[in-house]
Amino acid sequence: MSHLSKNLARVDAGTCVACGCCLKVCPRQALSVFKGSYAVVNQDACVGCGLCAKECPASVISILPRSHQETESAQTGGNRHE
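Now for a description of the structure that goes with this document. (Residues numbered from 1 in each chain as written. Predicted model: local features only at pLDDT ≥ 70, side-chain atom pairs only at ≥ 80, totals over all residues. Heavy atoms only, no water.)

Helices and strands together make up the secondary structure of the protein chain, namely 3 helices and 4 strands. Overall, the protein chain shows an N-to-C arrangement of helices and strands of β-α-β-β-α-β-α. Counting across all 82 residues of the protein chain, residues that qualify as buried make up 34%. The contacts of the protein chain with a sequence gap of at least 6 include a subset with a gap of at least 24, amounting to 65%. Per element, the accessible surface of the protein chain, about 5,000 Å² overall, is 51% carbon and sulfur. (Helix = DSSP H or I, 4+ residues; strand = E, 2+ residues; numbered from the N terminus. Buried < 20%, exposed > 50% of the residue type's maximum accessible area, 1.4 Å probe, protein only. Contact = heavy atoms within 4.5 Å. Areas by Shrake-Rupley, 256 points an atom, 1.4 Å probe, with all protein chains shown as cover.)

The following block contains the structure:
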């Protein structure tokens with residue numbers, strides 16, 4: 001497994017409109033659209049660069065410390081869909 005960055009993108013799936021703007025700017029292709037409904041983050045590919053958050057017209061992407069994101073994912077089931 002590769003070294004993980006200290007930050008990670010998080011998408012608010014409840015307000016994401018799946019416009020795809022984030023997918024176009026991600027240098028690691030770490031985002032995808034789940035069933036045409038909302039963007040999801042591949043946590044193994046995300047380097048937390050923040051380009052997706054800057055590009056998101058709805059401002060629904062946050063860059064959080066990876067430890068916070070992993071804790072939240074464990075508590076809520078995360079936002080990964082494979």
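Attention now moves to the environment of Cys22. Note that Cys22 resides in helix 1 (residues 21–25). Taking the C-alpha atoms as reference, Cys22 lies 9.1 Å from Pro57; in sequence the two are 35 residues apart.

Moving on: the side chain of Ser5. Inspection of the secondary structure assignment puts Ser5 in the segment before strand 1 (7–11). In this structure the side chain of Ser5 is engaged in a polar contact, spanning 2.7 Å, whose partner is the backbone oxygen of Asn7. Residue contacts for Ser5: discarding those within four places in its chain leaves Cys46, Val47, Gly48 and Arg66. (Polar contact = N/O pair within 3.5 Å; in protein donor to acceptor, adjacent residues only side chain to side chain.)

What follows deals with the state of the cysteines. Across all of its chains, the model carries 0 disulfides by this definition. No disulfide involves Cys46; its sulfur sits 6.2 Å from that of Cys52, the nearest cysteine. Its relative accessible area of 9% is what places Cys46 among the buried residues. Considering cysteine sulfurs only, Cys26 is the nearest to Cys49, which forms no disulfide, with 6.1 Å between them. (Disulfide = S-S within 2.5 Å.)

These results come straight from atomic positions and should not be treated as a statement about function.
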